[in-house]
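A look at the structure
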Amino acid sequence: MSTNDFTPRQLNADNFADRWQQRPDARSKARGEQRYPTDELAWPGLLHGRILRSPFPHAQITGINVDAARELPGVRAVVTAADIPGDNHYGIVFRDQPVFCTDRVRYLGDALAAVAADTPEIAAHALSLIEVQYTELPVLGDPAAALADGAPPLHPGGNLLDSSLLEHGDVEAAFKACAFVVEGRYSTPRQMHVFMETEGGVAVPDNQGGLTFRVGCQSGHRDREQLASILDLPLDKVRVIGLATGGGFGGKDELTMQPAAGLLALRTGRPVRIHFDRRESTIAGIKRHPVELVARTGCDAQGNILAHQLHAVLDTGAYATLGPAVLTNLTDHAAAPLYRIPNVKVTGQLVYTNNSVAGAFRGFGGNQATFAVESQLDKLAAAAGLHPAELRKRNLRTPDDPGVEGQTQQQPCDPRLLLDAALASPLWENATESDHRRWLTGVGMALGAQGNGLGNGLPDSGGARLHLSAAGRIELAFGFIEYGQGVIAAVEHLACEYLGCAPDDLDIRLGDSSGPDSGPTSASRSSVIAVEALRRLQPQWRAALQDIAGRHADDLAPGRGGLCTPSGDLRISYAKLAKMAAQRPVLKVHFDFPTGPDATPRGRYLQLLIASVARVAVDRLTGRVRVLQLHHITAGGKVIHPPSYLGQIEGAAVMGMGMALLEDVPMQDGQFLLDNLDAYLIPTLADAPEQRVDVIEAILGGESYPVRGIGELGIEAISPALIAAIENATGVRMHSLPVRPTTLLTAMQEQHP
Amino acid sequence: MSEPRLTLQFTVNGSEQIIEVSPTRRLLDILRSDLNLTGPKEGCSIGRCGACSVLVDGQSTPACLLLACQLQGRSVQTIEGLRDEPVFERVSAALVNAGALQCGYCTPGIASTLTAALRNNPTATAQELEQALYGNLCRCTGYTGLRQAVAELART
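Residues numbered from 1 in each chain as written. Chains lettered and ligands numbered in written order. Predicted model: local features only at pLDDT ≥ 70, side-chain atom pairs only at ≥ 80, totals over all residues. Heavy atoms only, no water.

1. Some details on the interface of chain B and chain A
The figure often quoted for interface size is the accessible area lost as the parts come together. Contact residues are listed per partner, giving 46 residues for chain B and 55 residues for chain A. Its largest share of buried area at the contact with chain A, chain B owes to Q102, Y105 and R139 of chain B, together 20% of the area lost on that side. In this assembly, chain B and chain A are joined by six salt bridges. Close ionic contact of R25 of chain B with E121 of chain A constitutes a salt bridge, the shortest N to O distance being 3.8 Å. On inspection of chain B and its partner chain A, the count reaches 25 residue pairs in polar contact (both at pLDDT 80 or more). Per-class residue counts for the side of chain B that touches chain A are 20 nonpolar, 16 polar and 10 charged. (Contact = heavy atoms within 4.5 Å. Buried area = accessible area lost by both parts, 1.4 Å probe. Salt bridge = Lys/Arg side-chain N within 4 Å of Asp/Glu carboxyl O. Polar contact = N/O pair within 3.5 Å; in protein donor to acceptor, adjacent residues only side chain to side chain. Nonpolar A, V, L, I, M, F, W, Y, C, P; charged D, E, K, R; others polar.)

2. Some words on helix 14 (residues 526-549) of chain A
All names here are of chain A. Here helix 14 is 24 residues long and its end C-alpha atoms lie 33 Å apart, about the 34 Å a rise of 1.5 Å per residue gives. Within helix 14, the axis deviates most sharply at L537, by approximately 35 degrees, and proline P539 lies no more than four positions further along. Directly beyond the C-terminal end of helix 14, a positive phi value near 80 degrees is found at G550. (Helix = DSSP H or I, 4+ residues; strand = E, 2+ residues; numbered from the N terminus. Expected span 1.5 Å × (residues − 1). Bend = angle between axes of the 7 residues up to and from the residue.)

3. A word on the packing of aromatic side chains
All names here are of chain A. Under the criterion given, the structure shown has six aromatic pairs over all chains. Plain terms: the ring middles of Y107 and Y319 are 6.0 Å apart, the flat faces sit at 75 degrees to each other, and that makes the pair edge-to-face. In this pair, Y107 sits in the loop between strand 7 (104-105) and strand 8 (111-117) while Y319 sits in the loop between strand 17 (305-317) and helix 9 (323-334), placing the two residues 212 residues apart along the sequence. Summarising the burial analysis for this pair, Y107 and Y319 share the class buried. Between Y605 and Y705, the aromatic rings sit 6.2 Å apart at their centres with planes inclined by 90 degrees, giving edge-to-face as the arrangement. Within this pair, whereas Y605 is found in the loop between strand 26 (586-592) and strand 27 (607-619), its partner Y705 is found in the loop between strand 31 (690-695) and helix 17 (718-730), the two being separated by 100 residues in sequence. The ring of F276 has R53 sitting right over it, with the charged end atom 5.0 Å from the ring centre. Between R288 and the ring centre of F361, over which it is positioned, the NZ or CZ distance is 4.0 Å. (Phe/Tyr/Trp six-rings, centres within 6.5 Å; stacked < 30°, edge-to-face > 60°. Buried < 20%, exposed > 50% of the residue type's maximum accessible area, 1.4 Å probe, protein only. Lys NZ or Arg CZ within 6 Å of the ring centre and 35° of its normal.)

4. Considerations on the confidence of the model for chain B
Looking at chain B, pLDDT values average 97 and 99% of them are 70 or higher. Predicted complex metrics record ipTM = 0.98 and pTM = 0.97. (pLDDT = per-residue confidence, 0-100.)

5. Topic: unusual backbone geometry
All names here are of chain A. Residues L737 and P738 are joined by a peptide bond in cis, for which omega reads -5 degrees. Its place among the elements puts P738 in the loop between helix 17 and helix 18 (741-751). Although it is not a glycine, F249 sits at a positive phi angle of roughly 60 degrees. Along the chain, F249 falls in the loop between strand 14 (238-242) and helix 7 (258-268). Given a relative accessible area of 11%, F249 falls into the buried group. You will see that D669, though not glycine, has its phi angle at about 50 degrees, which is positive.

6. Considering the sheet that holds strand 3 (residues 53-56) of chain B
Residue and element names in this part refer to chain B. The sheet built from five strands is open, its strands ordered 2-1-5-3-4 with mixed pairing. In this open sheet, the two strands that pair with only one neighbour each are strand 2 (15-21) and strand 4 (59-62). Strand after strand, the sheet turns through a mean of 40 degrees between neighbouring axes, direction not considered. The sheet contact formed by strand 1 (residues 6-12) and strand 2 spans seven bridges and is antiparallel. Directly across from T7, in strand 2, lies its bridge partner E20. Sheet strands touched by helix 1 (residues 27-34): strand 1, strand 2, strand 3 and strand 5 (75-77). Its angle to strand 1, the strand with the most contacts, is close to 75 degrees. On top of the sheet, helix 4 (residues 107-120) reaches strand 3, strand 4 and strand 5; it is set at about 35 degrees to strand 3, its chief contact. (Pairing = 2+ DSSP bridges. Axes fitted to C-alpha atoms, helices over the stretch in contact; angles between N-to-C directions.)

Here it is as structure tokens:
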């Protein structure tokens, strides 16, 4: 079905061949030698922990008895809320989630107790012996039920956790002046992260009342703070090592198994391992927010968009976690930040329910909003009789326009460059021509914007430590977690660039709360922090090494193997410098994430852009959609490590494709209608499209912020691009994700009976 | 109630093992917990993700689905036992060169499955190799690097 001239697996025309290099962990991973948090099985005296979870989505707890479980041979500890020495609550934004529930359960993932036993089988048996008495309460199965009059409040502040309003101009008046107005109701699924390694790790007690966690997480430092508060330990008694882990995508941002494992380890004085199985991960893990969006957008007779209004309702589940921050980012994206629109009103409601907890997930609310906004643009173009690209061209913002809240932003380039490149894609050749009567083909595109950093003036800082070891190794430490994204490759490459050294000179240390705090590994912020840190360290490092070398070292600079002459000849090795030094340098930097010049920062200052073009084939008989090809044009600064860049964009795109076509965790009355990968399907190799990424590396503002984080960019525009391609193929526009074959087939039959 | 035990005699990575186990103990637990072979990973426990793929009598099989009572006299190879094989060397080099992995948690299963496919059919086409991998899920990469690696393996 490929009738165009499309070279897949390409990063620009030259494939960045001269810059293509392996990630430092590639060989050990390809040989199965990499150790993961859930591989920590060989600890002497290791105990196996299990957590008892609620059988009801909403109930009063009237009694709990763990005596029988405690008496089971092989059980070493059973803990409940009564055993928690500190705060029984956690949560990154509000600490509203109980480690163990005491009076009430609010969803099926709520924990009641935990057991440590000699074997996983004994631990599972012990859970079945814990007696909890419940009185069931009415289940709030969706936001409408939770907001209805008389709904029982799930938290003291009521069921509306947060709301948003972003408004400028007067939309009501502006709609009256519009020649064309389109409306749409959109919905997006409760997508699951499906990191291949579910939540897990081990808590190891020392013999002085302290604990070390070796776990899968996204911030050792933040976990440490929360765990110290739960366990009532001083910070220096808790160490969290975020080991290289099997995927994160936002789903390991919040605490998972750490509190229960820590408590059990303190209780027993032995290492305790907890590894959620996929069922427990499905029920207790974080999801992407399901969102209902209602949008109205209008333009004048010339296609100038005059007004845009959108209302979003997010099902945040039983607890807050990062829901409020997701709502803020969704609101920003729902205001159509890529377009100059004089009258905009966006409102959002973040609602507690008895459903799965929703929180951080790659895209962070932005991609749900972009799906609705870009779909509205397509519908408006059709209503106004314009090509979708033409409508966009007439309304695109310039790089100098302020953001949707009037804030200053660093745009990577003029978005017109991306639109033009997308229109020049080979995918448009013979777009709807199929050599097969059964399959209808079509092409669509969408634009997206994505920011870096926590944004909105939230405290956001990071740092690094650089040290010359006694053996002459350059030890560079960041707090980031390597969960697959390739931060280890980025750090290695940037260190060699800024410090002049060779990869072999370096020992990179990541994710240890006893090292520097770099801030959370989230919000596409790590690459920016890494560059900013190394920029600051570069002159200090050079000076420190010259200092050791003493006189005549002024013309020497750090290079491969040691201090080198300007022509690159090695003069004094790092090993020798380490021996010569009276005091070996330990350099530390800590600084704020760039938030721009505004006194009150809003949104995200450092911005990236993407255009995604999709070519699909739709089966006339079944309504199944096959994604044939994806062509992305990205603008997010310099490519540090080509395989990681390509992998992040391609991987995010296929994850977005899953959200658009396959993935959802359906719930009914607070019950999960599936709990494993037999029913929750993610794309396989058989579903994977050909992909190509063209990068616009040149960046406005030149050297001020040359590198941006691209971990979330690839998912931003994929849903609306696929929906546009499906419409191009079938004439049917879908509004609800994921697009199931049966739903599409029904819509196609209604369109052409 | 005394738990039934089984004297299991089988081969793991070429060495004869005789162990006393529960007949319902999963191969995955025997490998990871009892024999400290953590190359095979647990992803779904129901044979859908392929992260625990090992070779049983030369065929790629999810280790989470086989029980001790099914292993008598059989030969099991994990990625730890494949590393010295030239076919495996080719497979892992192709994965590395194509940038076909990110978190790498699915990679042992993929590398083992590809090794078995190539061993069983040295002239396998790219399509045949891809089909062998349809039961191996990867959440990071979007499979594009994997497809490139497979193409290279089919060519060489």
